[in-house]
Amino acid sequence: MESQTPMPIPKRDYSLVGSETQRAYEKGLVSAPWYASPIARPRLKELMRRKDGPAIRHTLLWFALIIGSGTAAFLTWGTWGCVPALFVYGTLYGSTSDSRWHECGHRTAFKTVWMNDVVYYIASFMVLREATAWRWSHTRHHTDTIIVGRDPEIAVPRPPGLFAVCLKFFALPGGLRELAKIARHCFGRLNAVEKDYIPGSEHPRVFREARVYAAIYVATIACALATGSILPLMLVGLPSFYGAWLVVVFGLTQHAGLAEDVLDHRLNCRTVYMNPVFRYLYWNMNYHVEHHMFPLVPYHALPALHEELKADMPPAYRGLVETYREIIPALLRQAKDPAYCVKRPLPLAADAALQGGQA
Amino acid sequence: MSAGWIPACKTGDVGAEDVVRFDHGGRTFAIYRTADDKYYATDGLCTHEKVHLAHGFVMDTIIECAKHNGRFDFTTGEAKGAPACIHLKTYPVKVEAGQVFLQLD
Ligand code: FES
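**Q** A description of the overall build of chain B should follow, citing residues and the corresponding values.
**A** From N to C terminus, chain B includes 0 helices and 10 strands. For chain B, the succession of helices and strands along the chain, N to C, is β-β-β-β-β-β-β-β-β-β. Dimensions of chain B along its principal axes, counting C-alpha atoms only, are 40 × 30 × 20 Å. Put simply, chain B has 105 residues, and 51% of those count as buried. Residue pairs in contact within chain B that sit at least 24 positions apart in sequence constitute 40% of those at least 6 positions apart. As displayed, chain B has an accessible area near 4600 Å², and 52% of this comes from carbon and sulfur atoms.

**Q** Break down the sheet that holds strand β10 (residues 99-103) of chain B for me, citing the residues and quoting the values.
**A** Residue and element names in this part refer to chain B. Pairing is antiparallel across the open sheet formed by 3 strands, whose spatial order is β1-β10-β9. Since the sheet does not close on itself, it has two edges, and those belong to β1 (5-10) and β9 (93-96), each with one partner. Across this sheet, the average inter-strand angle for adjacent strands is 30°, counted without regard to direction. Of the pairings in the sheet, the one linking β1 to β10 comprises 5 bridges and is antiparallel in character. Along β10, the bridge assignment pairs Cys 9 with Val 100.

**Q** For the layout of surface pockets, give the residues involved together with the corresponding values.
**A** The gaps left among the atoms become clear once a water-sized probe is rolled over them. Reported here for the second largest pocket is a volume of approximately 770 Å³. In this structure, the second largest pocket is lined by 32 residues; those nearest its centre are Trp 34 and Ala 36 of chain A together with Val 51, His 55 and Ala 66 of chain B. The set of elements that each furnish at least two residues to the lining of the second largest pocket consists of α2 (41-48), α7 (131-143) and α17 (288-293) of chain A together with β2 (18-24) of chain B.

**Q** Pulling in residues and values, what's your account of the state of the cysteines?
**A** All names here are of chain A. Applying the stated criterion across every chain, the model contains 0 disulfides over all chains. Residue Cys 269 stays outside any disulfide, its sulfur separated by 13 Å from that of Cys 341, the closest cysteine. Cys 269 sits in the buried class, given a relative accessible area of 1%.

**Q** Go over empty space enclosed by the protein with me, naming the residues and quoting the values.
**A** Residue and element names in this part refer to chain A. Tallied over the full model, the rule gives 3 cavities of 30 Å³ or more. Roughly 130 Å³ of volume is contained in the largest cavity. Surrounding the largest cavity, 15 residues form its lining, Gly 105, His 106, Arg 135, His 138 and Thr 139 being those nearest its centre. For the lining of the largest cavity, the elements supplying multiple residues, two or more each, are α5 (96-105) and α7. The residue inventory of the lining of the largest cavity, partitioned by class, reads 5 nonpolar, 8 polar and 2 charged.

**Q** Tell me about the environment of Thr 253 of chain A, residues and numbers included.
**A** Residues and elements named next belong to chain A. In this fold, Thr 253 is placed in helix α14 (residues 245-255). Put simply, Thr 253 and Cys 269 are 16 residues apart on the chain and 8.1 Å apart in space, counted from C-alpha to C-alpha. If near-sequence neighbours (up to four positions away) are discounted, Thr 253 is found in contact with Arg 270, Val 272, Leu 320, Thr 323, Tyr 324 and Ile 327.

**Q** For the pairing of strand β3 (residues 27-33) of chain B, give the residues involved together with the corresponding values.
**A** All names here are of chain B. Burial analysis of β3 places 6 of its 7 residues in the buried class, which makes it a mostly covered element. Bridge count for β2 against β3 is 7 bridges, and the pairing is antiparallel. Across the sheet, the residue bridging to Asp 18 is Arg 33, located in β3. Here β2 folds back onto β3, and the loop between the two strands holds 2 residues, one of which, Gly 25, carries a positive phi near 55°. Here 5 bridges tie β3 to strand β4 (residues 39-43), and the two strands are oriented antiparallel to one another.

**Q** How would you sum up the pairing of β9 of chain B? Please name residues and give values.
**A** Remark: a regular strand shows side chains that alternate across the two faces of the sheet. Residue and element names in this part refer to chain B. Pairing of β9 with β10, which is carried by 4 bridges, proceeds in the antiparallel orientation. Residue pairing across strands places Val 93 opposite Leu 102, the latter belonging to β10. The antiparallel hairpin formed by β9 and β10 contains 2 residues in its connecting segment, where Ala 97 sits at a positive phi of about 50°.

**Q** Give a description of the side chain of Asp 18 of chain B that names residues and reports values.
**A** Among the structural elements, Asp 18 of chain B can be located in strand β2. Taking relative accessible area as the criterion, Asp 18 of chain B reaches 8% and is therefore assigned buried.

**Q** How would you summarise a nonpolar patch on the surface if you had to cite specific residues and measurements?
**A** Where nonpolar side chains cluster on the molecular surface, the patch consists of Trp 77, Ile 230 and Leu 238 of chain A and spans about 240 Å² of accessible area. Structurally, the position occupied by Trp 77 of chain A is in the loop between α3 (53-76) and α4 (82-94).

**Q** So what about the environment of Gly 98 of chain B? Which residues, and what values?
**A** Residue and element names in this part refer to chain B. One can find Gly 98 in the loop between β9 and β10. Residues Gly 98 and Thr 75, spaced 23 residues apart in sequence, show a C-alpha to C-alpha distance of 20 Å. When near neighbours in sequence (up to four residues on either side) are disregarded, Gly 98 contacts Cys 9, Lys 10 and Thr 11.

**Q** I'd like a description of the side chain of His 141 of chain A, backed by residues and values.
**A** Tracing the backbone through its elements, the reader meets His 141 of chain A in helix α7. The residues contacting His 141 of chain A, other than those within four sequence positions of it, are Ile 146, Asp 151, Pro 152, Glu 153, His 255 and His 292 of chain A.

**Q** Lay out unusual backbone geometry in plain terms, naming residues and giving numbers.
**A** Geometrically, the link from Arg 158 of chain A to Pro 159 of chain A is a cis peptide bond, its omega value of -10° lying close to zero. Considering the arrangement of structural elements, one finds Pro 159 of chain A in the loop between α7 and α8 (162-167). For the bond running from Ala 82 of chain B to Pro 83 of chain B, omega is 5°, close enough to zero to count as cis. Not every positive phi belongs to a glycine, and Ile 146 of chain A is a case in point at roughly 55°. Structurally, the position occupied by Ile 146 of chain A is in the loop between α7 and α8.

**Q** Which residues make up the pattern of salt bridges, and what values go with them?
**A** Scanning all chains against the criterion turns up 30 salt bridges over all chains. Between Glu 322 of chain A and Arg 318 of chain A there is a salt bridge whose closest N-O contact spans 2.6 Å. With relative accessibility at 66%, the residue Arg 318 of chain A sits in the exposed group. In this structure, Lys 80 of chain B and Glu 78 of chain B form a salt bridge, with 3.6 Å as the shortest nitrogen-oxygen distance. Looking at Glu 78 of chain B, the relative accessible area reads 35%, which means it is partly exposed. Counted as one network, the salt bridges with shared partners bring together Arg 12, Glu 20, Arg 23, Arg 158, Glu 260 and Asp 261 of chain A.

What counts and how
- Per chain, the residues get numbers from 1 upward, laid out in the order the sequence is written.
- Going through the entries in the order they are written, you letter the chains from A and number the ligands from 1.
- Per-residue local features of the predicted model are confined to residues with pLDDT of at least 70, and side-chain atom pairs are confined, for both listing and counting, to 80 or more; whole-chain, interface and lining totals are unaffected and use all residues.
- Note that the side-chain values use all heavy atoms of the structure and ignore hydrogens as well as water.
- Helix and strand definitions here come from DSSP, where helices need a minimum of 4 consecutive H or I residues and strands a minimum of 2 consecutive E residues; each element is numbered from the N-terminal end.
- Think of it in three bands: residues with accessible area under 20% of the maximum for their type are buried, residues over 50% are exposed, and the middle band is partly exposed, with areas taken using a 1.4 Å probe on protein chains only.
- By the convention used here, residues are in contact when the closest approach between their heavy atoms is within 4.5 Å.
- Each accessible area value is a Shrake-Rupley result obtained with a 1.4 Å probe; residue values ignore everything except the protein chains displayed when judging cover.
- Any two strands with at least two DSSP bridges between them are considered paired.
- Here the axes come from fitting lines to C-alpha atoms, over the contacting stretch only for helices, and the angles between their N-to-C directions go from 0 to 180 degrees.
- Any residue with an atom within 4 Å of a point lines the site, the site being either a cavity, points on a 1 Å grid over the protein atoms alone where a 1.4 Å probe fits but cannot get out, or a pocket, an open set with protein on both sides within 12 Å along at least 5 of 7 lines.
- Grid points are joined across faces, edges and corners, and a volume is the space filled by probe spheres set on the points.
- Counting rule for disulfides: a pair of cysteine sulfur atoms within 2.5 Å.
- Charged means Asp, Glu, Lys or Arg here, nonpolar means Ala, Val, Leu, Ile, Met, Phe, Trp, Tyr, Cys or Pro, and polar covers whatever is left, Gly included.
- Patch definition: residues above 30% relative accessible area lacking any salt bridge, with like charges linked at up to 9 Å and the nonpolar side chains Val, Leu, Ile, Met, Phe, Trp and Tyr linked at up to 5 Å.
- Any carboxyl oxygen of Asp or Glu that lies within 4 Å of a side-chain nitrogen of Lys or Arg is treated as forming a salt bridge with it.

This is the structure in structure tokens:
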């Protein structure tokens, strides 16, 4: 009997300027209308209402925790005591900045615009994302969520490289790529992919911000050299790497293993119930289906929005354990079979309406 | 009726601090009512990615687009920052006998 050569695993082209981009246009997936669950306009208006109070309280606590753990790391530097202090500091700096970046990027966290912008710029630096470049990247993510060839924020392209997924826990190689981008932008250069989603009017701002980031890194390195200690870099810069693990733990729950190329956020996003501490750290981004469907609703109103919509949603996951019981096998399977995805069950009435509408 | 004034909606069709969509002659517009019952009109589609502004959220004289949170001052059409970078076209509005009219060019 002839031995069969294993079929090569088909790979999709996730570039924004590659073959799949044209395909996405041809399939009507680009800037397409998305499904939105029904909700009465007066109730939606209530939920969209902005407040400063919750985000001010949460942000003051966040800064206090960062300064407190950073001070503890400074005071215990050179002893074993600095390890837990740096663990807490790094996680707050490198991971919880992700959700602050996200909510303030949408300018919904605070009612006052400048407060959103100040926290956005600080959080962008901490999570190692250039503020303006990533604002436009995230804009595209909302236009074409998990549409291959269009969405620059697909965290786990298929087939997933499992080693690559593990490296993400230390922001590798993504963080190094960001540093290379910053260097390139300092010299006023954008590549074709960036030009695809950042409009020309915003390029000078991207270059200016890159130079500010670079200046902060150079000053920190100079400080480390002058003091003969790596401590300055452990407090500024490196936490974006050693503290990135929680971004991945939380962030993979958003879309990993779910469908690509669909126009219904219920099929490509997850809502995961989390305890109050996690919800504080993640600023309710665990209500991810609701956020994508109604991005005008601020993070503090997402639990209430979830209550309004849940009859029209697939069941929410009961915690991280249940979620990862789905994600890990799904990624292992996608490594061999990239066409596989987790199919989220739509409520029967919603499913029937969807089938009818898309027939 | 004077030239160019089109009946758009009844005053009560727009809630306070809210927006409704009005389609006319193959075009689409957004009609706004402020908290103190002033009415305004702009093109109906966001200048960023052509999403209906009537799905958005009105705060004072700002309309925030439902798709990417782009903001415009609907009294002037001014785009207030990325991703809303191109100003909106505005239209004169008048209210007579409970009817909102807008004037097209
Ligand atoms: S479509 Fe309105 S802000 Fe993008």
